[in-house]
Amino acid sequence: MSEYISPETLQEQAVTELHRIEKLLSSNTDGTITPKDRMAIPQQEMPVQEPTIRAHNTQEVALGYTKEQALVEAQRCLQCKNQPCVTGCPVNVPIPQFITQVARGNFKEAVDIIKTTNLLPAICGRVCPQEKQCQGKCTVGIALKNPEKAVSIGRLERFVSDYEREHNLQTVPEVAAETGKKVAVIGSGPAGLTVAADVRRAGHTVVVFEAFHKTGGVMVYGIPEFRLPKSIVSAEIEMLKKMGVQFRENFLVGRTGTLNQLLQEQGFDAAFIGTGAGLPKFLNIPGENFIGVFSANEYLTRANLMKAYDTAHADTPLYPAKHVIIVGGGNVAMDAARTAYRLGAEQVTVIYRRTRNEMPARREEIAHAEEEGVIFRFLENPVEVLADSEGRVCGIKALSYELGEPDASGRRSPVAIPGSEHDIPCDALIVALGNESSPLLQKTTQGLAVDKKGHIIADEQGKTSLPKVWAGGDIVLGAATVILAMGEGRKAAASINAYLKQA
Ligand SMILES: Cc1cc2nc3c(=O)[nH]c(=O)nc-3n(C[C@H](O)[C@H](O)[C@H](O)COP(=O)(O)OP(=O)(O)OC[C@H]3O[C@@H](n4cnc5c(N)ncnc54)[C@H](O)[C@@H]3O)c2cc1C
Ligand code: SF4
């Protein structure tokens with residue numbers, strides 16, 4: 001676990017470093033510094049709230065770079081000719097170009113460059129797994145033999161988009177002349193929002209249909225406020241409204257109206273399905289219906305979408321629990337565990353049937369959870385939920401495991417140790433085993449081809465088996481990431497725009 005450094009100290013270090021760089025720049029006749037000097041600039045850490053304080057509030061954990069930190073970090077970029085970072089980004093943001101503008105202090109110009117390919121930079125800068133994407137390919141990280149020391153592209157992206165919003169510099173993207181063509185977008189997650197923006201930019205009428213009362217998909221009901229403030233998601237959605245995108249909330253396609261009705265009766269010329277992977281998986285063990293067992297979806301939806309933590313104002317109740325156990329090792333498990341402390345739990349334990357090495361969650365999320373006091377128990381899995389005489393959870397019966405041969409995922413599979421049953425007390429159990437495709441659209445739309453897992457089948461351009469119908473995001477990929485959903489949306493939107501041009 002890294003030592004906590006206060007935002008004030010980080011800022012002092014950045015100011016000193018910036019002076020040093022400025023001296024170096026002015027002493028060189030060509031006004032630039034060598035790659036070696038750039039590589040020696042210390043990576044700027046993200047200032048965060050102090051762990052013991054933040055575990056009990058819902059405000060954002062990461063505080064964002066200061067101007068000085070951003071200026072220093074931007075100087076670490078080598079401006080590589082072959083731009084490996086860009087190939088690592090699913091929507092190919094022109095990374096070195098935007099970083100050049102950051103280094104010059106042209107923050108608005110920087111964000112405008114990002115927006116040529118990514119309309120949700122304040123969100124992506126916060127939630128993208130950059131270590132696996134752009135930063136994973138960055139020359140600096142590779143040369144320093146430590147991928148974590150790559151140029152902090154995500155933090156810079158976040159800084160410039162926050163700067164733009166906080167200084168009221170946002171500009172509404174240009175929209176082409178009205179074409180009279182109508183496109184229905186089903187689902188308002190990152191895939192749907194990206195399609196809506198790109199199709200609207202081409203001058204088509206766009207209506208986004210969303211089942212919930214709020215738009216944003218997992219970004220509003222899943223990813224917690226302390227990682228992604230909801231005001232930021234709504235600010236990005238406001239921009240789409242200003243472009244003329246229309247939203248119909250509380251409209252469950254497949255029930256409120258079917259896809260065929262939209263296409264045949266309501267005059268839509270094309271449709272995009274971006275309904276995500278919102279169906280939670282369960283353990284299927286005895287006692288899973290006792291009071292106090294939640295899917296991570298329900299738990300997070302109450303906390304994020306319904307703001308149940310705000311007990312003085314919210315109508316949605318919370319189940320009071322002092323010792324919460326979370327089953328799972330992914331990002332959703334980390335979000336649920338960290339949320340549990342914020343909802344008043346005194347002890348939060350994550351149980352995972354493999355070891356830390358196999359955990360799919362991001363290293364940063366695991367570290368943040370640990371700093372906030374989340375306890376990890378490895379090589380264990382519940383086999384039964386235990387309850388008191390009133391049917392309220394009072395513990396779990398678990399088995400211990402050891403690691404066997406690698407399975408289809410390449411990870412060593414857990415093998416139960418016979419006779420290792422033992423009880424662990426708790427008063428709530430949150431099941432975070434992942435999500436599957438939302439099945440409603442597939443069931444209510446004849447001829448829409450799906451694979452064995454229930455994911456809609458779409459080609460390279462997002463086209464489904466039905467004419468006029470495209471799909472993308474988690475409903476096609478299975479539970480994936482925000483940026484991949486956006487990347488899919490971009491491709492589908494380009495294909496829809498091309499189709500409508502001829503139609
Ligand atoms: C707790 C949690 C944390 C995550 N953290 C991260 C992270 O840090 N970084 C990251 O990159 N990814 C993260 N993800 C994954 C990421 O959020 C998803 O990959 C992404 O949101 C998928 O986008 P999407 O547009 O395909 O679907 P979604 O965001 O799921 O949006 C689908 C929308 O469609 C609506 N809908 C569904 N069915 C219908 C219907 N029949 N009619 C109308 N509307 C419908 C839903 O209500 C929803 O609003 C996380 C996921 C979860 C659950
Ligand atoms: S790979 Fe890294 S150093 Fe090279 S241009 Fe991209 S961000 Fe800059």
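Treat the numbers as computed from the prediction; the structure is a model and nothing was measured. (Residues numbered from 1 in each chain as written. Chains lettered and ligands numbered in written order. Predicted model: local features only at pLDDT ≥ 70, side-chain atom pairs only at ≥ 80, totals over all residues. Heavy atoms only, no water.)

(A) The site of ligand 1, seen in detail. Surrounding ligand 1, one finds 32 residues, the nearest of these being V127, E210, R227, V253 and D474. Within the backbone of A191, a nitrogen or oxygen atom sits 2.9 Å from an oxygen atom of ligand 1. Between ligand 1 and D474 there is a distance of 2.9 Å, counted from an oxygen atom to a backbone nitrogen or oxygen. Bound to the protein, ligand 1 loses 93% of the 1000 Å² it would expose on its own. Taken together, the residues of the shell around ligand 1 break down into 18 nonpolar, 10 polar and four charged. (Near = heavy atom within 4 Å. Polar contact = N/O pair within 3.5 Å; in protein donor to acceptor, adjacent residues only side chain to side chain. Areas by Shrake-Rupley, 256 points an atom, 1.4 Å probe, with all protein chains shown as cover. Nonpolar A, V, L, I, M, F, W, Y, C, P; charged D, E, K, R; others polar.)

(B) How the structure looks around the packing of aromatic side chains. Summed over all chains, the structure comprises 10 aromatic pairs. Ring centres of F209 and F268 lie 5.8 Å apart, and the angle between their planes is 75°; this geometry places the pair in the edge-to-face category. Of this pair, F209 sits in strand β2 (residues 205-209) while F268 sits in the loop between α14 (259-264) and β4 (270-273), and the two are 59 residues apart along the sequence. For F209, a relative accessible area of 1% corresponds to the buried category. Aromatic ring contacts, followed pair by pair, group F107, F159 and Y163 into a single cluster. One cation-aromatic arrangement involves K182 over F268; the distance from NZ or CZ to the ring centre is 4.5 Å. (Phe/Tyr/Trp six-rings, centres within 6.5 Å; stacked < 30°, edge-to-face > 60°. Helix = DSSP H or I, 4+ residues; strand = E, 2+ residues; numbered from the N terminus. Buried < 20%, exposed > 50% of the residue type's maximum accessible area, 1.4 Å probe, protein only. Lys NZ or Arg CZ within 6 Å of the ring centre and 35° of its normal.)

(C) Examining the site of ligand 2 more closely. Around ligand 2 sit C77, L78, Q79, C80, P84, C85, P96, C138, T139, V140 and I153, and those are all the residues in its vicinity. Only α5 (84-88) and α9 (139-143) provide two or more residues apiece to the shell around ligand 2. For the shell around ligand 2, the residue count by class is nine nonpolar, two polar and no charged.

(D) Local environment of the sheet that holds strand β6 (residues 293-295). On the basis of which strands lie adjacent, the open sheet formed by five strands has the order β6-β14-β7-β8-β9 and parallel pairing. In the strand order of this sheet, the two ends are held by β6 and β9 (375-378), each with one partner. For this sheet, the mean inter-axis angle between neighbouring strands, taken without regard to orientation, is 20°. As paired strands, strand β8 (residues 347-352) and β9 are joined by four bridges and run parallel to one another. Bridged to T349 within β9 is I375. Relative to β8, helix α16 (residues 331-342) is tilted by about 165°, and along the sheet it contacts β7 (323-327), β8, β9 and β14 (428-431). (Pairing = 2+ DSSP bridges. Axes fitted to C-alpha atoms, helices over the stretch in contact; angles between N-to-C directions. Contact = heavy atoms within 4.5 Å.)

(E) Molecular detail of the side chain of T349. Take T349: it is sitting in strand β8. You can call T349 buried: its relative accessible area is 3%.

(F) Spotlight on the pattern of salt bridges. Taken as a whole, this structure holds 28 salt bridges when the rule is applied. The shortest N-O distance in the salt bridge between R54 and E371 comes to 2.8 Å. With R54 in helix α3 (residues 51-54) and E371 in helix α17 (residues 363-371), the pair connects residues that are 317 residues apart, well separated along the chain. A residue is classified by how much of its surface remains accessible, and R54, at 0% relative accessible area, is buried. Several salt bridges converge on common partners, so that one network encompasses R54, R227, D335, R338, R342, E365, E371 and E372. (Salt bridge = Lys/Arg side-chain N within 4 Å of Asp/Glu carboxyl O.)

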